[in-house]
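# Close look at the chain arrangement
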Amino acid sequence: RPDVRFEIIDVPGCYSLSALSPDEFIATRAIIGRSDDGVLTPPDLIVVTLDASILARSLYLLAQVADAGRPMIAVLNLVDVAESKGIRVNPRKLSARLGMPVVSTVASKGRGIEKLREVISRYDTIPSAEPIFSLGPTVETFITEELETVSSVHPQTRPELIRAVFDRHGLA
């Protein structure tokens, strides 16, 4: 859709939302939509770039970002490098398993970029991501109840609350 314009925020690369470095801190806050003054303004769409050659490592971040419950697109980049290592990833199957669009690219050569633009232009038709992993019924119930209680005073996102509960480093 040529009439659609976007504001794109490119954040520093990271492998998790643990925010142990300044770059990860910036990326985490942008992904969940937390501004410097604490206001929560979640992004309309999150595009997560996965390294196809080390997919397992990239999927950890994707799972954490999915907890934000925002519409998402997974970009499977470096498919040429993965293929040279004998790794073949089926984007349709991955999309079905993740419940979000998956676009294969080789960004350095421009492969898949037009397809990515086309998918991004339909951002308003992409459903919000669902958590990829369950933390078990007891923890899920606790998180749901805490989100309702805490959010009435200080709006929290699911990733922020999970981090506050499980991560020794606290909130980003």
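Keep in mind it's a predicted model, so treat the numbers as computed, not measured.

In this section: the layout of surface pockets. Counted as a void, the largest pocket has a volume near 1,300 Å³. Lining the largest pocket are 34 residues; nearest its centre among them are Ile 9, Asp 10, Leu 45, Ile 46 and Val 47. Elements represented by at least two residues in the lining of the largest pocket include exactly helix 1 (22–32), strand 1 (46–51), helix 2 (55–66) and helix 5 (113–121). A class-by-class count of the residues in the lining of the largest pocket yields 21 nonpolar, six polar and seven charged.

Our focus in this paragraph is the confidence of the model for the chain. Summarising the model, the chain shows a mean pLDDT of 83, and 88% of its residues fall at 70 or more. Considering each helix and strand of the chain separately, the mean pLDDT is smallest for helix 7 (residues 158–166), with a value of 68, and largest for strand 3 (residues 102–104), with 97.

We now examine the environment of Pro 131. Checked against the element boundaries, Pro 131 lands in the loop between helix 5 and helix 6 (137–151). On the basis of relative accessibility, which here comes to 37%, the residue Pro 131 falls in the partly exposed class. Those residues in contact with Pro 131 that lie beyond four places of it in its chain are Ala 66, Asp 67 and Arg 158.

Analysis parameters
Residue positions are given per chain, counted from 1 along the sequence in the order it is written. In view of the model being predicted, local features appear only for residues whose pLDDT reaches at least 70, and side-chain atom pairs are presented and counted only at 80 or more, with totals across whole chains, interfaces and linings using the full set of residues. Hydrogens are left out, water is left out, and the side-chain values use all remaining heavy atoms of the structure. The distinction between a cavity and a pocket rests on a 1 Å grid over the protein atoms alone: a 1.4 Å probe fits inside a cavity but cannot get out, while a pocket stays open yet meets protein on both sides within 12 Å along at least five of seven lines, and a residue with an atom within 4 Å of a point counts as lining. Grid points are joined across faces, edges and corners, and a volume is the space filled by probe spheres set on the points. Helix and strand assignments come from DSSP, with helices taken as H or I runs of at least 4 residues and strands as E runs of at least 2, each series counted from the N terminus. In this classification, Asp, Glu, Lys and Arg are treated as charged, Ala, Val, Leu, Ile, Met, Phe, Trp, Tyr, Cys and Pro as nonpolar, and every other residue, Gly included, as polar. Values of pLDDT, which run from 0 to 100, indicate the predictor's confidence residue by residue. When a residue's accessible area, from a 1.4 Å probe over protein chains only, is under 20% of the maximum for its type it is buried; when over 50% it is exposed; and in between it is partly exposed. Two residues form a contact once any of their heavy atoms are found within 4.5 Å.

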